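# Understanding the architecture of this molecule
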Amino acid sequence: MKKILFCLSIFFLATKLFSQPFSLPKLKYDYTSYAPQIDALTMEIHHSKHHQAYVNNLNKAIVGTRMESQSLMDLLFYAGFRSDVVRNNAGGHYNHTLFWEILAPPVAHSEISQELSNAITNDFKSIDSLKKVLLNAASSRFGSGWAWLVLSPEKKLIVTSTPNQDNPIMDVVTERGIPIVAIDVWEHAYYLNYQNKRMDYLNAVWSLIDWGIVSTKYNAAIGDSLLIELEKDNWPAMKDFHKVMAQTFHPSENGDLSPIRARSGEFLAKAILLTGSNPPKSLKTEGVHEGLLKLENKCAEINTLVKKGAKDKVLIKKMEESHDLFHLVQGLCHD
Ligand SMILES: [Fe+2]
C-alpha cells in the first residue's frame, strides 16, 4: 500500500512539475484544407512553429510565478502591468487561437445568425461595407499586427487594429472590447504565397471566415461579464488608482515596502481623486461611494504610518486591508 501511495505521489509531483499552463490548440482541419486561399506550408509553419513558439515562451515566462495560476484573460486584461515577454506571448497565443477558430474551408462554412446579421446591418450598413472597413484596417496596419471585429462594452460592433501581438482585451489599447474576428497581418501569415501583396491575402482570408462560428462568438460575447469588466476599466480614476495599488501592493506581498514608502502620498492622492470621480453610467453604484470613502481613509492611514516610519509588519497589514477594500468596491459594481 505504501509503495502504491509513494508511486502515486511521485506521479502527481511529476505531473505538477512538467505540466504547462498553456498548450497549442489543434486545428479543426488539415493544413492542406485551407488552400488555395492559404497554402499548406504557410499553415503548417504558422501553426506548428510560430504559434507553438508563443505558447512555449509564455509558459517559460510564467513558470514559478504568481501568473502561473492566472487565466489567459487575466494575463491579457492587465497586459500593461506585465513584462513585454508576457504581453507579447499571451497576446500571440490568444490572437492565433481565435484566428484558427474562425477560419474554415468554404465548403464547411455554416450560416450567419440573424442576430449577428442584424448587428452588422445596424453598425456597418451591410456585410460588404464591413468587409471594406475591416480589410482597410488590416491593409493599413503599419508593420506587424492584427485587424479585429470587436463587440464594444456598449454592445456595438467596431473595427480596430493593433500592433504586434496586442489585442482589444488589453488595457494598453484605447478601443477595447471582445474580439469576434481576428485577422493576422504579420508577414509570416502570408509571405510565402503572397509576398508583398497583402491585400490579395486579405481578400483570400475574408473568404475563409466562417460566419456561423463568428455568430456563436457574437452570442457568447453579448452575455460575457468581461464586457462589464472592460466598462469598469473605462473609469480613468479607477484605472489610475489601480495602477498605483498594483505597483505598491504586489511588492509588499513579497515583503518589499519600498514602493509604498516612496509613493504613499501619491497613493492617497489617487484615492481622493477616485472618490471624487464619477463611475461609468452602466455600472451599479449602490454603496460604491461609501466604499470609496473607506478606501480613501485607509490610504490616509497608510500615508500617516509611512510618515511616522511604521514597521513593515504594520504597513503590510494595512496594505492588505486597502487591497481587500479595493476589490470589495470593484465587486459592488458587478450585476
Ligand atoms: Fe501569426
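All values reported here derive from a predicted model rather than from experimental measurement.

For the chain, the helix and strand inventory stands at 14 helices and three strands. Along the first, second and third principal axes, the C-alpha atoms of the chain reach 70 × 65 × 40 Å. By the burial criterion, 32% of the 335 residues in the chain qualify as buried.

Quick look at helix H6 (residues 127–139) now. The terminal C-alpha atoms of H6 lie 18 Å apart, and with 13 residues this matches the ideal 18 Å at 1.5 Å per residue to within 8%. Within H6, the full set of buried residues consists of Leu 134, Ala 137 and Ala 138. One side of H6 holds all its buried residues, which, seen down the axis, span an arc of 100°. In H6, the exposed residues that point more than 90 degrees away from the buried face are Asp 128 and Lys 132. Where the residues of H6 are buried, they touch strand E1 (145–151), strand E2 (157–163), strand E3 (178–184) and helix H8 (198–208).

With that settled, consider the pairing of E3. Counting buried positions along E3 yields seven of seven residues, so the element is predominantly enclosed. By the bridge criterion, six bridges tie E1 to E3 in an arrangement that is antiparallel. Residue Trp 146 lies in a different strand from E3, and its bridge partner there is Asp 184.

Among the secondary structure elements, Asp 200 is positioned in helix H8. For Asp 200, a count of 13 C-beta atoms within 10 Å translates into the label partly exposed. Remark: the alpha-carbon pair of Asp 200 and Ala 147, spanning 53 residues in sequence, is separated by 15 Å.

Moving on to the sheet that holds E3. The three strands lie next to each other as E2-E1-E3, forming an open sheet whose pairing is antiparallel. Two strands lie at the open edges of the sheet, namely E2 and E3, each paired on one side alone. The average undirected angle you get between the axes of adjacent strands in this sheet is 25°. Across the sheet, H6 touches E1, E2 and E3, and the angle it forms with E2 is around 10°.

Right, let's talk about the nonpolar core for a bit. By size, the foremost hydrophobic cluster in this structure holds 39 residues, and its most contacted members are Ile 102, Ala 147, Trp 148, Leu 149, Val 181, Ile 183 and Val 214. For this core, the element with the highest residue contribution is E1, accounting for six residues. In this structure Val 214 touches Ile 102, Leu 116, Ile 180, Val 181 and Ile 209, once residues within four positions along its chain are discounted. By size, the runner-up hydrophobic cluster in this structure holds 18 residues, among which are Leu 257, Leu 268, Ala 271 and Ile 302.

Here we come to the packing of helix H5 (residues 114–124) against helix H9 (residues 211–222). For the pair H5 and H9, interaxial distance at closest approach is 9 Å and the crossing angle is 80°. By the criterion of interaxial angle, the relationship of H5 to H9 is roughly perpendicular. Two secondary-structure elements touch here, H5 through Glu 115, Leu 116 and Ala 119 and H9 through Val 214, Ser 215, Tyr 218 and Asn 219. Partitioned by chemical class, the residues of the contact of H5 with H9 number four nonpolar, two polar and one charged.

Within H8 the residues assigned to the buried category are Tyr 201, Leu 202 and Val 205. For H8, the buried positions fall inside an angular range of 100° around the axis, keeping them on one side. Turning to H8, the residues buried within the fold contact H6, E3 and helix H7 (191–194).

The subject of this paragraph is the pairing of E1. In terms of burial, E1 is largely enclosed, as seven of its seven residues are buried. Here E1 shows a buried face lined by Gly 145, Ala 147, Leu 149 and Leu 151 and a second buried face lined by Trp 146, Trp 148 and Val 150. As consecutive antiparallel partners, E1 and E2 are separated by five residues, and within that stretch Lys 155 has a phi angle of approximately 65°, a positive value.

Split by domain assignment, the chain resolves into domain 1 (27–224) and domain 2 (235–330). Put simply, the middle of domain 1 and the middle of domain 2, counted by C-alpha atoms, are 36 Å apart.

Per-residue pLDDT for the chain has a mean of 91; in total, 92% of the residues score no lower than 70. Contacts from residues 4–18, a stretch scored under 50 in pLDDT, to residues over four places away or in other chains number zero contacts.

Here is what the cut-offs are and how they apply
- Residues numbered from 1 in each chain as written.
- Predicted model: local features only at pLDDT ≥ 70, side-chain atom pairs only at ≥ 80, totals over all residues.
- Helix = DSSP H or I, 4+ residues; strand = E, 2+ residues; numbered from the N terminus.
- Buried ≥ 20, exposed ≤ 12 C-beta atoms within 10 Å, placed from the backbone.
- Expected span 1.5 Å × (residues − 1).
- Arc of directions from axis to C-beta.
- Contact = placed C-beta atoms within 7 Å.
- Pairing = 2+ DSSP bridges.
- Axes fitted to C-alpha atoms, helices over the stretch in contact; angles between N-to-C directions.
- Core = buried A, V, L, I, M, F, W, Y, C linked by C-beta atoms within 7 Å.
- Parallel < 35°, antiparallel > 145°, perpendicular 65-115°, else oblique.
- Nonpolar A, V, L, I, M, F, W, Y, C, P; charged D, E, K, R; others polar.
- Domains from an automatic or database assignment.
- pLDDT = per-residue confidence, 0-100.

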